[in-house]
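The residues making up each chain are set out below.
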Amino acid sequence: MADSKTKTRVAVAGLGAIGTDVVKALDQGIEGLTLVAVSANSPDKHRGWVAGLKSAPQLVPIEQLADVADIVVECAPSKVVRSIVAPVVARGKTAVVLSVGALLQNEDLVDIARAHGGQIIVPTGALIGLDAVTAAAIGTIHSAKLVTRKPVAGLLGAPHLVENNIRIDDITEPLRIFEGSARDAAKGFPANLNVAVALSLAGIGPDRTRVEIWADPTVTRNTHRIEVDSDSARFSMMIENIPSENPKTGRITALSVIACLRKLRASLRIGT
Ligand SMILES: NC(=O)C1=CN([C@@H]2O[C@H](COP(=O)(O)OP(=O)(O)OC[C@H]3O[C@@H](n4cnc5c(N)ncnc54)[C@H](O)[C@@H]3O)[C@@H](O)[C@H]2O)C=CC1
Ligand SMILES: O=C([O-])CC(=O)C(=O)O
């Protein structure tokens, strides 16, 4: 096991549904990693909880995370992604990005990472099968589609619903509320369709990846089905996520980040 001098320093930005679980896992110990800092929107609210962690991370503003960590895990709202990720990749470090939709409005972050030897990692998150999609994309993917069904509570307040005056509060049957490209899905549902953007970045891009979104009062889980047709394989997969304390976010998302962090320095690494 590496000693503290050779451990990779990790920071977590955002202490909500995902960030809190990721911090707990890092605090309990992940091979080769050490938790050095966290950021919260209301630091005073979290000071006591952070002080109780055995790794004793610093509580600092997002702009300072790149100074103290080698890897910064973004678990914050999409509007602050740029402030978190840009300083990290500009210093040749690694950013793990959860608010994947924001990458479409900030495509130059990838250029900044490339220019400085940094890296942006997008975990599979709430989705399934990105290992197969990235493998198929080495060949030719003919089509990729995502069909998302969410309970009403997981969709309320989405800009697409507000702008188009679509009411879903009292629906009694499944209602298709969006059909279009992953790019447009990310604009209309920024807190819901990170998975669409992740699928598109793994495969054939945000304009060719098709998305359907259903508000479904008959489901209790955030359900995502992907359908891919390529010159190496045809596959369809579905995941039914149990919502976390944030109804927009599946519980498995934080676990996916923890699995991703474990893989960074693990002696045995499974999957692409
Ligand atoms: N890639 C994927 O598969 C998934 C991505 N997500 C995305 O991940 C992100 C985090 O999701 P959740 O943890 O569920 O959200 P959340 O709303 O539970 O937590 C976000 C936290 O960030 C904090 N925050 C806001 N501004 C901040 C600032 N300037 N500095 C530090 N902290 C700040 C908030 O106070 C809140 O505690 C969201 O953008 C969400 O859309 C969510 C689920 C799946
Ligand atoms: O299903 C989830 O947990 C969240 C989701 O759709 C997303 O953020 O893309």
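For the structure, see preceding data.
Only a predicted model underlies this, so the values are computations on that prediction, with no experimental measurement involved.

Asker: So what's going on with the side chain of histidine 46? Which residues, and what values?
Answerer: With respect to the helices and strands, the residue histidine 46 is situated in helix α2 (residues 43–51). A relative accessible area of 15% places histidine 46 in the buried class. With sequence-adjacent residues up to four places away left out, histidine 46 is seen in contact with Leu15 and Ala40.

Asker: Tell me about the layout of surface pockets, and name the residues and values.
Answerer: If you add up the space inside the largest pocket, you get close to 980 Å³. Looking at the largest pocket, it is lined by 48 residues, and the ones nearest its centre are Glu74, Cys75, Ala76, Pro77 and Ser99. When contributions to the lining of the largest pocket are tallied by element, the ones reaching two or more residues are α1 (17–28), α2, α10 (194–202) and β10 (222–230). For the lining of the largest pocket, the domains that each give at least three residues are domain 1 (8–125 + 252–265) and domain 2 (130–241). In this structure, the second largest pocket encloses a volume near 810 Å³. Lining the second largest pocket are 27 residues, with Val122, Pro123, Thr124, Leu130 and Thr272 positioned closest to its centre. The set of elements that each furnish at least two residues to the lining of the second largest pocket consists of β6 (119–121), α7 (130–136), α10 and α11 (252–265).

Asker: Tell me about the environment of isoleucine 177, residues and numbers included.
Answerer: With respect to the helices and strands, isoleucine 177 occurs in strand β8 (residues 175–181). Residue classification places isoleucine 177 among the buried residues on the basis of a relative accessible area of 5%. Distance in space between the C-alpha atoms of isoleucine 177 and glycine 16 is 27 Å, their sequence separation being 161 residues. Leaving out residues up to four positions away in the same chain, isoleucine 177 has contacts with Leu155, His160, Leu161, Ile166, Ile168, Phe189, Ile213, Trp214 and Ala215.

Asker: Outline the site of ligand 1, listing residues and values.
Answerer: The immediate surroundings of ligand 1 are formed by 25 residues, with Ile18, Ser99, Ala126, Asn194 and Thr249 found nearest. At 2.8 Å from an oxygen atom of ligand 1 is found a main-chain nitrogen or oxygen belonging to alanine 126. Residue asparagine 194 places a side-chain N or O atom 2.9 Å away from an oxygen atom belonging to ligand 1. Starting from 860 Å² of accessible surface for ligand 1 in isolation, the protein chains cover 83%. When each cavity is represented as a set of grid points, ligand 1 is found to reside in the largest pocket. Of all the secondary-structure elements, those providing two or more residues to the shell around ligand 1 are α1 and α10. Grouping the constituent residues of the shell around ligand 1 by class yields 14 nonpolar, eleven polar and no charged. Counting contributing residues, the shell around ligand 1 receives three or more from each of domain 1 (8–125 + 252–265) and domain 2 (130–241).

Asker: Tell me about the packing of helix α4 (residues 81–90) against helix α6 (residues 108–116), and name the residues and values.
Answerer: Two elements in contact, α4 and α6, have axes separated by 8 Å at closest approach and are oriented at 20 degrees. In terms of orientation, α4 and α6 fall into the roughly parallel class. Relative to α6, the crossing made by α4 is left-handed. Facing Arg82, Val85, Ala86, Val89 and Ala90 of α4, the residues of α6 in contact are Asp108, Leu109, Ile112, Ala113 and His116. Along the lines of polarity and charge, the residues of the contact of α4 with α6 split into seven nonpolar, one polar and two charged.

Parameters at a glance
Position numbers for residues count from 1 along each chain, tracking the sequence in the order it is written. Note on labels: chains are lettered from A, ligands numbered from 1, in written order. With pLDDT at 70 or above as the cut-off, local features in this predicted model cover only qualifying residues; side-chain atom pairs require 80 or more to be listed or tallied, and sums for whole chains, interfaces and linings still use all residues. As a rule here, side-chain values cover all heavy atoms of the structure and leave hydrogens and water aside. Think of it this way: any DSSP run of H or I at least four residues long counts as a helix, any run of E at least two long counts as a strand, and we number them from the N terminus. Exposure classes here rest on a 1.4 Å probe applied to the protein chains alone. A residue is buried below 20% of its type maximum, exposed above 50%, and partly exposed in between. Should any heavy atoms of two residues lie within 4.5 Å, those residues are counted as being in contact. Computed over the protein atoms alone on a 1 Å grid, cavities are sets of points where a 1.4 Å probe fits but cannot get out and pockets are open sets with protein on both sides within 12 Å along at least five of seven lines; a residue lines them when it has an atom within 4 Å of a point. Grid points are joined across faces, edges and corners, and a volume is the space filled by probe spheres set on the points. Each domain's extent is set by a domain assignment, obtained either automatically or from a database. Nearness here has a simple test: a residue counts as near a molecule or strand if at least one of its heavy atoms is within 4 Å of that partner. Polar contact criterion, stated in full: a pair of N or O atoms within 3.5 Å, where within protein one must be able to donate a hydrogen and the other to accept it, and residues adjacent in sequence count only if both atoms are side-chain atoms. For accessible areas, the Shrake-Rupley method is used with a probe of radius 1.4 Å. Any residue's cover is judged against the shown protein chains and nothing else. Should more than half of a molecule's atoms lie within 2 Å of a pocket's or cavity's grid points, that molecule is taken to sit in it. We call Asp, Glu, Lys and Arg charged. Ala, Val, Leu, Ile, Met, Phe, Trp, Tyr, Cys and Pro are nonpolar, and the rest, Gly among them, are polar. Inter-axis angles, ranging from 0 to 180 degrees, are taken between N-to-C directions of lines fitted to C-alpha atoms, where helices are fitted over the stretch in contact. The cut-offs work like this: below 35 degrees is roughly parallel, past 145 is roughly antiparallel, 65 to 115 is roughly perpendicular, and the gaps in between are oblique. Left-handed describes a crossing in which the near helix is turned anticlockwise from the far one by less than a right angle; the clockwise case is right-handed.

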